[in-house]
Amino acid sequence: MTTRACDIAVVGGGVVGAAAALGLHRAGFDVRLIERGAPPVAHGDEVDARVYAMSPASARWLRELGVWQAMRPERLGAYESMRIWESRPERALGFDAADIGQSALGWIVEQSQLLAALWPALPAALVQTGSAVGAADIGDDGARLQLADGSSLSARIVLAAEGALSPLRERSGIATVEREYEQCALVAHLRCSQPHGGVALQRFLPGGPLALLPLADGRRSLVWSLPPDEAETLRTMPAAEFHQALASAIQFQAGVIEDSTPRLSFALRLLHAQDYVQGALVLVGDSAHVVHPLAGQGVNLGLGDAAALVGALTTARDAGQDWAAARVLRRYERARKAENLEMLALTDALDRAFRASSLALPRVLDVGLAVLDRVDPIKRLLIRRAVG
């Protein structure tokens, strides 16, 4: 069987991989997207339990790619403000989009809606589904991928967008720093008696942060980080008991919990790759870094990777340089490592601080948040960092 050739092979067709492939294709590179699973299936009117808090920076790039406009506007849940507290809601730190002249701090978007907009934008000839990478020979001058269907593909660069358990990263021997948070995220959609009004709520509890995010249909999306045994207890308890426990945990700031979808949970971890580039292999998204969801920045960091890589390769090519050269790829790595490590360190430190505070320094952070809420320059800096 003959070997097909392309400029760039993207392995992994999730949100970040598909966006990277689309961005590179729109920039004029010859791209192939390899996805081991089947093409994503649209959920129709069913609301997907997996949602992302999309920053304005991510929205801008997706708009440039024509993806944002392809999503159903009634499924884009804008939020204009956030309230964050520990034990006393009246001392909450408040973030408002108006503070930085924006119309929204971000949008709560379902994973299925993103994929349903991304995948149709990719020409069919660029995509190969149901075919995992069986073997990979990746060196400094390019790569050859042997696919499970017996075909092979050569490329000057291979992007690993396979998620936290990236096989290509593991095969390459790239070391990672990892930490198990000993927490699970409990997720569901809720119908509450009090309208959300476009406000995201987050309370820090001894076991981890509890967030209620506004959905476009008026409901709220729950993301509650908890020790695994507590998460399992809450996941399996009767709905009425769960609604009462949740309403109490959020100090009734959403009113009464009237209804909820089936609860799901998944384990949380921190991960950061020592290198984002090794020869012709480039890591993006969760293959390079996984952060705690308390700041809702995971997918935004991944899309930032994709946009930065497209920009770096395009700039080098348009300047007549070898766009696949190590110095170009290292330029991408330096830029993204700096930003990703900053967010990783921030979210990890916040998780440690609030959990320690809940055990040893009760109410200290509530006072700190109330003070911070009155220091406008710091508040504006934090908001701008969050929205990109």
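Below is a short write-up of the structure.

The rules we used
Residues numbered from 1 in each chain as written. Predicted model: local features only at pLDDT ≥ 70, side-chain atom pairs only at ≥ 80, totals over all residues. Heavy atoms only, no water. Pairing = 2+ DSSP bridges. Helix = DSSP H or I, 4+ residues; strand = E, 2+ residues; numbered from the N terminus. Axes fitted to C-alpha atoms, helices over the stretch in contact; angles between N-to-C directions. Parallel < 35°, antiparallel > 145°, perpendicular 65-115°, else oblique. Left-handed = near helix turned anticlockwise from the far one by under 90°. Contact = heavy atoms within 4.5 Å. Salt bridge = Lys/Arg side-chain N within 4 Å of Asp/Glu carboxyl O. Buried < 20%, exposed > 50% of the residue type's maximum accessible area, 1.4 Å probe, protein only.

Digging into the sheet that holds strand β7 (residues 106–110)
At step 1: Strand order in the open sheet formed by three strands is β3-β7-β4, and the pairing between neighbours is antiparallel. Of all strands in the sheet, those bounded by a partner on one side alone are β3 (51–54) and β4 (77–79). Across the sheet, the mean angle from the axis of one strand to that of its neighbour is 25°, orientation sign disregarded.
At step 2: Pairing between β4 and β7: three bridges, direction antiparallel. In the strand pairing of β7, Gly77 is matched with Ile108.

What about the environment of Glu180?
At step 1: The topology assignment puts Glu180 in strand β12 (residues 176–192).
At step 2: For the pair Glu180 and Ala267, spaced 87 residues apart in the sequence, the C-alpha separation amounts to 8.4 Å.

A closer look at the packing of helix α1 (residues 15–26) against helix α3 (residues 111–118)
At step 1: Where α1 contacts α3, the axes come no closer than 10 Å and their chain directions differ by 25°. When the axes of α1 and α3 are compared, the pair comes out roughly parallel. In the packing of α1 onto α3, the handedness of the crossing is left-handed. Along its contact with α1, which presents Val15, Ala18, Ala19 and Leu22, the element α3 presents Gln111, Leu114, Leu115 and Leu118.

Structural notes on the pattern of salt bridges
At step 1: Tallied over the full model, the rule gives 14 salt bridges.
At step 2: A salt bridge links Glu232 to Arg235; its shortest N-O distance comes to 2.8 Å. Highlighted residues: Glu232 and Arg235, both in helix α5 (residues 228–236), separated by three residues, approximately one helical turn.
At step 3: Assessed through its relative accessible area of 31%, Arg235 is described here as partly exposed.
At step 4: Members of the salt-bridge network, linked through shared partners, are Glu178, Glu180 and Arg269.

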